[in-house]
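Chain by chain, the residues run as shown.
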Amino acid sequence: MNELTPSEMIALVSLLDDPDQEVKNHVRDKIISLGYGVIPFLEQRWESSFNPELQKEIEDLVHDLQFALLKDRLQDWKDSEDRDLLTGLWIINTYQYPDLEFEKLNAEMHQIYFEVWTSFKNDLQPYDQIRIINNVLFNTLRFSANTKNFHSPGNSMLSTVLDTKKGNPISLCAIYLLVAKKLGLPVYGVNLPNLFVLTYKSSDITFYINAFNKGLIFSRQDIYNYLEHLKIEPREEFFEPCSYLEIILRSLRNLAHSFEKLGEASKVAEIKELIAILSDQ
């Protein structure tokens, strides 16, 4: 653990509830300088402590270290060549569940893909291929719209959506998109106002899919009608595929909105920091 011995670390952590704020700040800075590797030690000290004030200081410190790690991961993801969608969703997920392993999410998504793949036929027409995916995801596996708790932060956590089989438009679309991509289909996300949908877009055919409504298939004209209903001027981006970066950004904005609804101001501020990382060109 850097240059400090275990006994020195124990002594350092015990100063976290020092009444002198200057001492406390110095200790925090020193521990943070040791990096993410110190987190397991801090968690051990929390478990062995009977001092609620010290436990609270350790909790705050661990959160700050975990959040710093999340920001570094998000920056690395943004700088990566492929900006893998599942990796981006996992990074968001670690905000609420910092111990979640990428491999666990990957294995669960692979199982869903396998369920679809066993029913899938490559020689079918696009509409029929989409109907097979719809049947497996929404009838066999019973994924559905979380209309009762639409603004729950859990709707932006892929692990929660996989556990509960309920999600918001973008989380359900993300699951659908990950499966469709693995099947080799030309399926992409589309950023609509107040709704996230998918498009099947090839040189021969283009149509749209609403994963929040059990994979309902609809047309370009339906989008015009939807925009007209909202009194929003049509823009090309409402009809065309968006990037994985835009999907992750929209997921984070949804998460910030969820915490706003709950009055969690500090969490809203942190999510805005994450949005800023991805928005910074």
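Here we summarise the structure given alongside this text. Computed from a predicted structure; not experimentally measured.

1. Thoughts on the overall build of the protein
Part 1: Within the protein, the regular secondary structure consists of twelve helices and six strands.
Part 2: With the C-alpha coordinates aligned to their principal axes, the bounding extent of the protein is approximately 70 × 45 × 35 Å.
Part 3: Per-residue burial for the protein yields a buried fraction of 46% across its 281 residues.
Part 4: Counting only contacts in the protein whose residues sit at least 6 apart along the sequence, the fraction spanning at least 24 positions is 58%.
Part 5: Summed over all atoms, the accessible surface of the protein reaches about 14,700 Å², with 50% contributed by carbon and sulfur.
Part 6: Averaging the locations of the 28 positively and 41 negatively charged side chains of the protein gives two centres separated by 9 Å.

2. Examining the sheet that holds strand S3 (residues 187–192)
Part 1: Sheet architecture is open: four strands sit in the order S3-S4-S5-S6, paired in antiparallel fashion. What marks the edges here is a single partner per strand, and that holds for S3 and strand S6 (216–218). The average undirected angle you get between the axes of adjacent strands in this sheet is 35°.
Part 2: Here strand S5 (residues 206–210) runs beside S6; their pairing, made up of three bridges, is antiparallel. Residue pairing across strands places Asn210 opposite Leu216, the latter belonging to S6.
Part 3: Contacts between helix H7 (residues 126–140) and the sheet are confined to S3, strand S4 (195–201), S5 and S6, with S5 contributing the most and set at about 15° to the helix.

3. Observations concerning the packing of aromatic side chains
Part 1: Overall, the coordinates contain ten aromatic pairs when judged by the stated rule.
Part 2: Ring centres of Phe138 and Tyr176 lie 6.2 Å apart, and the angle between their planes is 35°; this geometry places the pair in the tilted category. With a gap of 38 residues between them, Phe138 in helix H7 and Tyr176 in helix H9 (residues 169–182) connect regions that are remote in the sequence.
Part 3: Given the relative accessible area of 7%, Phe138 is considered buried.
Part 4: Aromatic rings pair up to connect Phe67, Tyr95 and Phe259 into one cluster.
Part 5: The ring of Phe143 carries the charged tip of Lys165 above its face, separated from the ring centre by 5.4 Å.
Part 6: When the ring centre of Phe239 is taken as reference, the NZ or CZ atom of Arg220 above it lies at 4.2 Å.

4. A closer look at the pairing of S3
Part 1: With five of six residues buried, S3 is to be regarded as a mostly interior element.
Part 2: The pairing of S3 with S4 spans six bridges and is classified as antiparallel. Its bridge partner lying in S4, Val190 is registered against Val197.
Part 3: Two successive antiparallel strands, S3 and S4, enclose a turn made up of two residues, where Asn194 displays a positive phi of approximately 65°.

5. A closer look at H7
Part 1: An ideal rise of 1.5 Å per residue puts 21 Å on 15 residues; H7 measures up with 20 Å between its terminal C-alpha atoms.
Part 2: Within the sequence span of H7, burial applies to Pro126, Gln129, Ile130, Ile132, Ile133, Asn134, Val136, Leu137 and Phe138.
Part 3: Buried residues along H7 sit against helix H6 (102–117), H9, S3, S4, S5 and S6.

6. Comments concerning the pairing of S4
Part 1: Counting buried positions over the seven residues of S4 gives six, a clear majority of the element.
Part 2: The pairing of S4 with S5 spans four bridges and is classified as antiparallel. The residue bridging Leu198 from the neighbouring strand is Ile209, located in S5.
Part 3: Count of turn residues in the S4/S5 antiparallel hairpin: four residues.

7. What to know about the environment of Tyr224
Part 1: Relative to the elements of secondary structure, Tyr224 occurs in helix H10 (residues 220–229).
Part 2: Taking C-alpha positions, Tyr224 is 17 Å from Tyr200, a pair spaced 24 residues apart along the chain.
Part 3: Apart from residues no more than four positions distant in its own chain, Tyr224 is found in contact with Pro234 and Phe239.

8. Digging into the packing of helix H4 (residues 52–79) against helix H12 (residues 265–279)
Part 1: Between H4 and H12, the shortest axis-to-axis distance is 9 Å and the interhelical angle comes to 20°. By the criterion of interaxial angle, the relationship of H4 to H12 is roughly parallel. Seen along the crossing, H4 lies across H12 with a hand that is right-handed. Of the residues in H12, those touching H4 at His63, Phe67, Leu70, Lys71, Leu74, Gln75, Trp77 and Lys78 are Glu270, Glu273, Leu274, Ile277 and Leu278.
Part 2: Residue composition of the contact of H4 with H12, by class: seven nonpolar, two polar and four charged.

Calculation notes
- Residues numbered from 1 in each chain as written.
- Predicted model: local features only at pLDDT ≥ 70, side-chain atom pairs only at ≥ 80, totals over all residues.
- Heavy atoms only, no water.
- Helix = DSSP H or I, 4+ residues; strand = E, 2+ residues; numbered from the N terminus.
- Buried < 20%, exposed > 50% of the residue type's maximum accessible area, 1.4 Å probe, protein only.
- Contact = heavy atoms within 4.5 Å.
- Areas by Shrake-Rupley, 256 points an atom, 1.4 Å probe, with all protein chains shown as cover.
- Lys, Arg positive; Asp, Glu negative; His and termini not counted.
- Charge placed at Lys NZ, Arg CZ, Asp CG, Glu CD.
- Pairing = 2+ DSSP bridges.
- Axes fitted to C-alpha atoms, helices over the stretch in contact; angles between N-to-C directions.
- Phe/Tyr/Trp six-rings, centres within 6.5 Å; stacked < 30°, edge-to-face > 60°.
- Lys NZ or Arg CZ within 6 Å of the ring centre and 35° of its normal.
- Expected span 1.5 Å × (residues − 1).
- Parallel < 35°, antiparallel > 145°, perpendicular 65-115°, else oblique.
- Left-handed = near helix turned anticlockwise from the far one by under 90°.
- Nonpolar A, V, L, I, M, F, W, Y, C, P; charged D, E, K, R; others polar.

These figures capture arrangement, not role.
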